[in-house]
Amino acid sequence: SSGINAEWPLRPGEVETDKTEEVATDQEDLSSAVESIATSLEEVAISKDDIIMEACYRALKTSLKKTDLPILISNFYSQHVKPCLAGSAEIKQTKFKKVGVLMKNLEMQGIIVVKDQKKGVLMITEVNFAHPSLRGVKKLEKEEEEVEEEENIAIVQAFTCNAHVTRLFSLYGHKKGDILSRKTLRDNVITYIKSHDLADPDNKKLVRLDPLLSTIIKTRDLTAQWNQVIQKVESNCGKCYVISLPDKFPITVKGDLPPIQFKVEKRTGNKKVTIISNFEVFGIEAKELAQKLQHVMSSSAAVVPGLRTESNVLVQGDARRLASKLLIDEYKIPKTFVDSS
């Protein structure tokens with residue numbers, strides 16, 4: 001009499017009905033769980049598609065440059081898209097499955113133009129950098145942190161498109177006077193060789209030279225090794241250096257880049273002084289350098305006129321060792337560009 005069942009005895013069949021309802025409920029729960037898993041798997045698949053598409057947008061916005069065009073779709077994916085993925089997805093895990101299908105999707109969106117230069121050789125020839133999908137795209141946070149932490153000066157040898165090579169590089173959107181990175185130069189030469197079917201079918205190390213390449217590399221030989229062709233094209237371009245400075249615009253120096261130089265002279269009373277020159281091209285201000293050297297050397301330092309419009313710094317005593325250390329350690333100038341001998 002103490003329990004509910006005692007007060008309200010169940011009729012035969014009610015227990016059976018409850019069990020049936022429990023079974024039905026279990027089946028509903030199971031079906032719901034299966035649907036939930038299927039939905040989750042579908043969401044994962046969709047997210048992978050979204051991830052790889054976002055990586056393409058990021059690569060086009062923050063990595064690929066106009067001077068890189070035209071570029072093989074395989075090179076674009078491996079050199080620009082993959083670093084933006086950071087291992088978060090693989091193309092085989094998406095609905096695209098292949099790079100060509102992915103590029104076709106971007107072309108259908110009106111973001112890129114893909115052309116078949118030769119059977120099976122697809123290249124991106126144009127990019128609509130103003131496309132709405134690329135607006136507001138930023139670098140990965142990790143990339144931004146790395147850029148913020150990077151304070152070293154970067155000095156990269158590059159090449160200028162002169163009259164001797166313009167005919168070749170004009171095929172890829174460059175004009176006389178344009179600056180070409182080593183990567184851009186090599187990619188353009190390789191693309192030209194492949195698109196004109198100049199690779200020797202009997203010897204993979206050789207390139208068959210057509211009239212244009214023969215003229216550029218100045219040879220009458222019918223063939224040359226791949227690396228020789230690229231090296232000779234480089235040597236026949238104009239030379240320049242691009243100096244990238246933290247928080248400043250890059251500086252381009254055409255021709256050779258002379259190192260920072262030290263000249264020790266004797267003055268009245270057999271006293272030594274050190275004249276430091278050619279530092280301004282590396283973005284170093286004369287007044288700032290003089291102040292720092294004065295502190296490091298514990299002697300006087302002053303800005304004095306140099307050749308043309310440049311300034312030199314004159315320091316009392318032989319400042320070669322300490323000044324070199326300052327330039328390398330604090331200003332991050334590579335040792336090859338500090339001539340303290």
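What you see is a predicted model; the values in this text were computed from it and never measured.

Draft legend 1. Looking closely at the packing of aromatic side chains. Counted under the stated rule, the structure contains two aromatic pairs. In this structure an aromatic cluster arises from ring pairing among Tyr241, Phe282 and Phe337.

Draft legend 2. Inspection of the sheet that holds strand S14 (residues 338–339) at higher detail. Strand order in the open sheet formed by five strands is S12-S13-S11-S10-S14, and the pairing between neighbours is mixed. Two strands lie at the open edges of the sheet, namely strand S12 (301–305) and S14, each paired on one side alone. Pairing between strand S10 (residues 260–267) and S14: two bridges, direction parallel. Within the sheet, the bridge partner assigned to Gln261 lies in S14 and is Asp339. The sheet contacts of helix H10 (residues 286–297) involve strand S11 (271–277), S12 and strand S13 (311–316), and relative to S13 the element is tilted by about 10 degrees. Sheet strands in contact with helix H11 (residues 320–329) are S10, S11 and S14, and its direction is about 160 degrees off that of S10.

Draft legend 3. Representation of H10. The terminal C-alpha atoms of H10 lie 16 Å apart, and with twelve residues this matches the ideal 16 Å at 1.5 Å per residue to within 8%. Every buried residue of H10 is listed here: Ala286, Leu289, Ala290, Leu293 and Met297. Along the long axis of H10, the arc covered by the buried residues comes to 100 degrees, so they all point the same way. Looking at H10, the residues exposed on the side facing more than 90 degrees away from the buried face are Lys287, Gln291 and His295. At its buried positions, H10 is contacted by S11, S12, S13 and H11. Where H10 terminates, the next one or two residues include Ser298, which has phi positive at roughly 55 degrees.

Draft legend 4. Representation of the side chain of Glu234 in the model. Of note, Glu234 is situated in helix H9 (residues 226–236). On the accessibility criterion, Glu234 (9% relative accessible area) is buried. One polar contact links Glu234 to Arg182, side chain to side chain, over a distance of 3.3 Å. Within the structure, the side chain of Glu234 is placed 3.0 Å from the side chain of Arg186, a separation counted as a polar contact. Here Glu234 is in contact with Phe159, Arg182, Leu185 and Arg186, once residues within four sequence places are set aside.

Draft legend 5. Fine view of the nonpolar core. In terms of nonpolar packing, the biggest core is built from 30 residues, with Phe76, Leu102, Met103, Ile112 and Ile124 touching the most fellow members. Only helix H2 (14–62), helix H3 (73–85), helix H4 (99–108), strand S2 (112–118) and strand S3 (121–127) provide two or more residues apiece to this core. With seven residues, H2 is the largest single contributor of residues to this core. In this structure Ile124 touches Leu69, Pro70, Ile71, Ile73, Phe76, Met103, Ile112, Val113 and Val114, once residues within four positions along its chain are discounted. Core analysis: the second largest hydrophobic core is formed by 29 residues, Phe282, Val313, Tyr331 and Phe337 among them.

Draft legend 6. Spotlight on the sheet that holds strand S5 (residues 179–180). Judged by pairing direction, the sheet is antiparallel, and its four strands sit side by side in the order S5-S4-S8-S9 without closing on themselves. The outermost strands of the open sheet, each flanked by one partner alone, are S5 and strand S9 (251–254).

Draft legend 7. The arrangement of the packing of H3 against H4 in detail. Axis separation between H3 and H4 bottoms out at 10 Å; the angle between their running directions is 95 degrees. Here H3 is positioned roughly perpendicular relative to H4, judged by the angle of their axes. Together, Ile73, Phe76 and Tyr77 of H3 and Val99, Gly100, Leu102 and Met103 of H4 make up the contact between the two elements. Residue classes in the contact of H3 with H4 are distributed as six nonpolar, one polar and no charged.

Draft legend 8. Seen up close, the environment of Leu245. With respect to the helices, strands and loops of the structure, Leu245 is situated in the loop between strand S8 (238–244) and S9. Counting along the chain gives 90 residues from Leu245 to Ile155, while the straight-line C-alpha distance between them is 8.8 Å. For Leu245, the contacting residues outside a window of four places in its chain are Ile153, Ile251, Phe282 and Gly283.

Draft legend 9. Main features of the layout of surface pockets. Approximately 310 Å³ is the volume attributed to the second largest pocket. Across the lining of the second largest pocket, the residue classes tally to seven nonpolar, one polar and seven charged.

Draft legend 10. Structural detail: the packing of H10 against H11. Running from N to C, H10 and H11 cross one another at 125 degrees; their axes reach a closest spacing of 10 Å. Comparing their axes, H11 and H10 come out oblique. Remark: the crossing between H10 and H11 carries right-handed chirality. From H10, Leu289, Lys292, Leu293, Val296 and Met297 reach across to H11, where they touch Leu322, Ala323, Leu326 and Leu327. Here the residues of the contact of H10 with H11 sort into eight nonpolar, no polar and one charged.

Conventions we followed
- Residues numbered from 1 in each chain as written.
- Predicted model: local features only at pLDDT ≥ 70, side-chain atom pairs only at ≥ 80, totals over all residues.
- Heavy atoms only, no water.
- Phe/Tyr/Trp six-rings, centres within 6.5 Å; stacked < 30°, edge-to-face > 60°.
- Pairing = 2+ DSSP bridges.
- Helix = DSSP H or I, 4+ residues; strand = E, 2+ residues; numbered from the N terminus.
- Contact = heavy atoms within 4.5 Å.
- Axes fitted to C-alpha atoms, helices over the stretch in contact; angles between N-to-C directions.
- Expected span 1.5 Å × (residues − 1).
- Buried < 20%, exposed > 50% of the residue type's maximum accessible area, 1.4 Å probe, protein only.
- Arc of directions from axis to C-beta.
- Polar contact = N/O pair within 3.5 Å; in protein donor to acceptor, adjacent residues only side chain to side chain.
- Core = buried A, V, L, I, M, F, W, Y, C linked by side-chain atoms within 4.5 Å.
- Parallel < 35°, antiparallel > 145°, perpendicular 65-115°, else oblique.
- Nonpolar A, V, L, I, M, F, W, Y, C, P; charged D, E, K, R; others polar.
- 1 Å grid on protein atoms, 1.4 Å probe; cavity = no way out; pocket = protein on both sides within 12 Å on 5 of 7 lines; lining within 4 Å.
- Points joined across faces, edges and corners; volume = space filled by probe spheres on them.
- Left-handed = near helix turned anticlockwise from the far one by under 90°.

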